[in-house]
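Overview (structure and organization)
Single-letter residue listing:
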Amino acid sequence: MNNDEFEARMRALEYYHNLKLLPGTWTVLRVDGRGFSRFTEERFDKPFDARFSDSMVTTARVLLEDFQGLYAYTESDEISVLFPPSWTLFDRELEKLVSLSAATASATFSLACDERATFDSRVWLGVTERDVVDYFRWRQADAGRCALNGWAYWTLRQEGATRAEATGTLHGQSVAFKNELLFARGVNFNEVPAWQRRGVGLYWETYEKNGFNPVTRQPVTATRRRVRVDRDLPMKDEYTTFIRNLLRRTEREEVRT
Ligand SMILES: Nc1nc2c(ncn2[C@@H]2O[C@H](COP(=O)(O)OP(=O)(O)O)[C@@H](O)[C@H]2O)c(=O)[nH]1
Ligand SMILES: [Mg+2]
């Protein structure tokens, strides 16, 4: 067999290499910490730890910047990064995007919190703006559910309940039950910091930067972009409006370029 044939035969067995994101779709890459229930157990405050959240936000920022995303959303041990239909990074190759987003998240988070941690990654595709809104509503609802559960569980544990007792008390119980359980113990869940209940959003904002042109010796202002970290996101229908506005803004910017 000649070398070209051999090369072609081996390359053909890189079987999934040709898989690409469908053209013209909205894309979300979602990374999730591997085995973080155990990883966080000894190392971080429960149910929420500001240092843990800061490391997740740092990781979300790097993903947003490196992959040229439009919006990043983080809650618990996951980060979703949204990309517009026109996104062409790595020629939309699935293997590249999934592996590099997981690698970027793992490396960034590990450096940020000085511990070795790994993330997996997956792709979500949306056809319409409505799909995208539903996606982020879905993840935010998950944040709310997990926060209420986490608060109720760890409040019981701190009272002395065993793992089984706390799980048993909460099993199959309603949102109202968990709210009341907390309230009776001096925790008003509605007053728990918004970043814990609603997650944290990161998006681009423009600002005017004042500078000096050494050639003309004149002061100049330039429009720059920077990432804004929003720890006080709106929720429910207001969050829908917020996401829709982000999508419209992209559309307008794409028309201009
Ligand atoms: N202690 C602590 N744990 C957290 C925090 N945020 C997320 N976690 C943990 O991360 C886990 C994430 O859930 P999941 O991805 O389903 O679990 P995994 O499969 O073990 O990674 C939760 O069960 C929490 O235990 C935090 O701020 N503090
Ligand atoms: Mg996880």
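For the structure, check the block above.
My aim in this report is to walk through the structure given alongside it, one point at a time. (Residues numbered from 1 in each chain as written. Chains lettered and ligands numbered in written order. Predicted model: local features only at pLDDT ≥ 70, side-chain atom pairs only at ≥ 80, totals over all residues. Heavy atoms only, no water.)

**Side note on the coordination of the magnesium ion (ligand 2)**
Just so we agree on the cut-off: Coordination here is defined by N, O and S atoms within 2.8 Å of the metal (3.2 Å for Na, K and Ca), and since water is not considered, a site can look incomplete. Comment: elements are numbered from the N terminus, with helices defined as DSSP H or I runs of at least four residues and strands as E runs of at least two. The classification of residues rests on relative accessible area computed with a 1.4 Å probe and restricted to protein chains. Under 20% of the type maximum is buried, over 50% is exposed, and intermediate values are partly exposed.
The protein atoms that coordinate the magnesium ion (ligand 2) are D32 (OD), G33 (O) and D77 (OD), at distances spanning 2.0 to 2.2 Å. In primary sequence terms, the donor set of the magnesium ion (ligand 2) follows D-G-x43-D. With G33 in strand β1 (residues 26-33) and D77 in the loop between β2 (71-75) and β3 (78-83), this pair connects stretches of sequence that are 44 residues apart. Across this residue pair, the class does not change: G33 and D77 are buried.

**A short note on the pattern of salt bridges**
The criterion, for reference: Note on definitions: salt bridges are taken to be side-chain nitrogens of Lys or Arg within 4 Å of carboxyl oxygens of Asp or Glu.
With the rule as written, the count across this model stands at 16 salt bridges. Where E14 meets R11, a salt bridge forms, and the shortest distance between an N and an O atom there is 3.3 Å. Overall, the relative accessible area of 41% leaves E14 in the partly exposed class. Ionic pairing is found between D142 and R145, a salt bridge with its closest N-O pair at 3.4 Å. Taken as a pair, D142 and R145 lie in helix α5 (residues 129-158) at a separation of three residues, close to a single helical turn. Among the charged side chains, a network of salt bridges with common partners joins E75, E78, R139, D142 and R145.

**Topic: the sheet that holds strand β4 (residues 119-126)**
Rule in force here: The pairing criterion is simple: DSSP has to find at least two bridges between the two strands. Think of each axis as a best-fit line through the C-alpha atoms, taken over the contacting stretch in the case of a helix, with angles from 0 to 180 degrees between the N-to-C directions. The contact criterion used throughout is that any non-hydrogen atoms of two residues lie within 4.5 Å.
The strand order across the open sheet built from six strands is β4-β1-β3-β2-β5-β6, with neighbouring strands paired in antiparallel fashion. The open sheet is flanked by β4 and β6 (218-230), the only strands paired with a single partner. Strand-to-strand twist across the sheet, computed as the mean angle between neighbouring axes with direction ignored, equals 25°. In this structure, β2 lies alongside strand β5 (residues 200-213), joined through four bridges in antiparallel fashion. Within the sheet, the bridge partner assigned to Y71 lies in β5 and is Y203. The strands touched by helix α4 (residues 94-113) are β1 and β4; relative to β4, the strand with the most contacts, the crossing angle is about 135°. Sitting on the sheet, α5 touches β1, β2, β3 and β4, and the angle it makes with β2 is about 25°.

**Considering the packing of α5 against helix α7 (residues 175-183)**
Stated formally: Throughout, the term roughly parallel applies to angles under 35 degrees, roughly antiparallel to angles over 145, roughly perpendicular to angles from 65 to 115, and oblique to all others. In this scheme the handedness of a crossing depends on how the near helix is turned from the far one: anticlockwise by less than a right angle means left-handed, clockwise means right-handed. All residues other than Ala, Val, Leu, Ile, Met, Phe, Trp, Tyr, Cys, Pro, Asp, Glu, Lys and Arg, Gly among them, are scored as polar; the first ten of these are nonpolar and the last four charged.
Where α5 contacts α7, the two axes come as close as 10 Å, and the packing angle between them is 45°. Between α5 and α7, the angle is such that the two are oblique. Where α5 crosses over α7, the handedness of that crossing is left-handed. Contact residues: α5 offers L148, N149, W151, A152, T155 and L156, while α7 offers V175, K178, N179, L181 and L182. The residue makeup of the contact of α5 with α7, split by class, is seven nonpolar, three polar and one charged.

**Overview of unusual backbone geometry**
In the segment running from K46 into P47, the intervening peptide bond is cis, with an omega of -5°. Within the secondary structure, P47 sits in the loop between α2 (36-43) and α3 (50-66). Notably, S76 is not glycine yet its phi reads approximately 50°, a positive angle. By the secondary structure assignment, S76 is in the loop between β2 and β3. Of note in this structure, D114 is not a glycine but carries a positive phi near 60°. Among the structural elements, D114 can be located in the loop between α4 and β4.

None of this, on its own, says anything about what the molecule does.
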